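Notes for the structure review
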Amino acid sequence: MALSFKNDSTAIPVIGVAADYASGHIIPAHSHQRAQLLYAIEGVLVIETELGRWVVPPSRGVWLKAGISHTVRMRCAARMRSIFVNPDAIPGLPDSDCVIDVSPLLRELILAATKVETDYQAESRDGRLMRFILDELCSLPILPFNLPWPQDAKIIRVCQALAEEPADGRAASDWAAMLAMSDKTFHRQFQRQTGITFGRWRQQARLLMSLESLAQGMPIVQVALQHGYESQSAFAAAFKRQFGLPPSEFYL
């Protein structure tokens, strides 16, 4: 069920909402008049739109522009904290859907915001807290956690299969044959639909899907093998190139 507010007046530029969900819970497709920052203090979220998927571990958040239809899946039990922002609340807010780094400061601000009633006054302590959040949202780095999603039904079949089974090692030629395409046509269509090559997309999917297993404390060698890597070292090298940290340090 989509979140609702006691007061959604545009006179209130920022609203904080807290909600906890069981593993496997799905919030069906919906949209908001405000932009939204989705953040889990525990658990891993998967946010899906028509154009992309974002896997969001703790310490990161996904920013969605106002009006973007999206679903949210809980890959494990999750404690989600959201900030809803008027699109014109302040210049410099992210201008595209993306994943951002949630600093320790922003984390505490988000937690405080979810305890604020929605009828706060602009010049009150709560109002100043919300303005501080806006300043932070304009200064945070964007992170490479996006998995572009195709629109073509045939390419969707391939991407869905790989997202559900990241260790699937079938070559592009195998997928092309399954779709009754030539290899050249498959590669051209895949890149046209996702903006990246098949090989790059599969690697990105494997790395993003691995975040859930790492968050659950699974041994790194097991995560590597379950996500299509032949060794822990190969997985660790690819993971560090993508996220800037080795998997052993990601959740510290």
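Treat the numbers as computed from the prediction; the structure is a model and nothing was measured.

In terms of helices and strands, the protein carries eight helices and 11 strands. Summing over all exposed atoms, the protein offers an accessible surface of approximately 11800 Å²; the carbon and sulfur share of this is 52%.

One way to put it is that helix α3 (residues 153–164) packs onto helix α6 (residues 198–215) with a least axis distance of 9 Å and a crossing angle of 35 degrees. Crossing of α3 over α6 shows right-handed handedness. Note on element contacts: α6 touches α3 through F198, W201, R202 and M209, opposite V158, C159, L162 and A163. For the contact of α3 with α6, a count of residues per class yields seven nonpolar, no polar and one charged.

Another point: the environment of F186. Residue placement: F186 occurs in helix α5 (residues 183–194). Residue classification places F186 among the buried residues on the basis of a relative accessible area of 0%. Spatially, the C-alpha atom of F186 lies 12 Å from that of G199, the residues being 13 residues apart in sequence.

One pair of aromatic rings is described through two measures. These are the centre distance and the angle between the planes. The full count for this structure, using the stated rule, is 10 aromatic pairs. On the numbers, 5.9 Å between centres and 50 degrees between planes, the contact of W149 with W201 is tilted. Placement of W149 in the loop between β11 (146–148) and α3 and of W201 in helix α6 is noted, with a sequence separation of 52 residues between them. For the pair W149 and W201, a shared accessibility class is recorded, and that class is buried. Taken together, the ring pairs in this structure connect W149, F186, F190, F198 and W201 into an aromatic cluster. A cation sits over an aromatic face here: R53 above W149, 3.5 Å from the ring centre. Residue placement shows R170 over the ring face of W175; its charged tip is 3.9 Å from the ring centre.

Taken as a whole and assessed by the stated rule, the structure comprises seven salt bridges. One salt bridge in this structure joins R79 and E42, with 3.3 Å as the shortest N-O distance. Of this pair, R79 sits in strand β8 (residues 78–85) while E42 sits in strand β3 (residues 35–42), placing them 37 residues apart in sequence. Given a relative accessible area of 32%, R79 falls into the partly exposed group.

Another aspect to go through is the confidence of the model for the protein. If pLDDT is low for a region, its predicted coordinates should not be looked at in detail. Counting all residues, the mean pLDDT for the protein is 89, and 95% of those residues have values of 70 or more. This model gives residues 1–8 a pLDDT under 50, and the stretch forms 24 contacts once residues within four places in sequence are excluded.

Here the focus is the environment of A234. Mapped onto the elements, A234 comes out in helix α8 (residues 232–243). Accessibility expressed as a relative area gives 34% for A234, which makes it partly exposed. Along the chain, A234 and A224 lie 10 residues apart, while their C-alpha atoms are 8.1 Å from each other.

For R34, the location among the structural elements is in the loop between β2 (26–30) and β3. Its relative accessible area of 4% is what places R34 among the buried residues. Engagement of the side chain of R34 in a polar contact is seen with the side chain of N86, the distance being 2.9 Å.

Strand order in this open sheet of six strands is β1-β8-β3-β6-β9-β10, and the pairing throughout is antiparallel. Whereas interior strands pair on both sides, the edge strands pair on one side only; in this sheet they are β1 (14–21) and β10 (142–143). In this structure, β1 lies alongside β8, joined through eight bridges in antiparallel fashion. Pairing of D20 across the sheet is with R79, part of β8. Lying on the sheet, helix α1 (residues 104–113) is in contact with β1, β3 and β8; it crosses β3 at an angle near 105 degrees.

Rules and cut-offs
- Residues numbered from 1 in each chain as written.
- Predicted model: local features only at pLDDT ≥ 70, side-chain atom pairs only at ≥ 80, totals over all residues.
- Heavy atoms only, no water.
- Helix = DSSP H or I, 4+ residues; strand = E, 2+ residues; numbered from the N terminus.
- Areas by Shrake-Rupley, 256 points an atom, 1.4 Å probe, with all protein chains shown as cover.
- Axes fitted to C-alpha atoms, helices over the stretch in contact; angles between N-to-C directions.
- Left-handed = near helix turned anticlockwise from the far one by under 90°.
- Contact = heavy atoms within 4.5 Å.
- Nonpolar A, V, L, I, M, F, W, Y, C, P; charged D, E, K, R; others polar.
- Buried < 20%, exposed > 50% of the residue type's maximum accessible area, 1.4 Å probe, protein only.
- Phe/Tyr/Trp six-rings, centres within 6.5 Å; stacked < 30°, edge-to-face > 60°.
- Lys NZ or Arg CZ within 6 Å of the ring centre and 35° of its normal.
- Salt bridge = Lys/Arg side-chain N within 4 Å of Asp/Glu carboxyl O.
- pLDDT = per-residue confidence, 0-100.
- Polar contact = N/O pair within 3.5 Å; in protein donor to acceptor, adjacent residues only side chain to side chain.
- Pairing = 2+ DSSP bridges.

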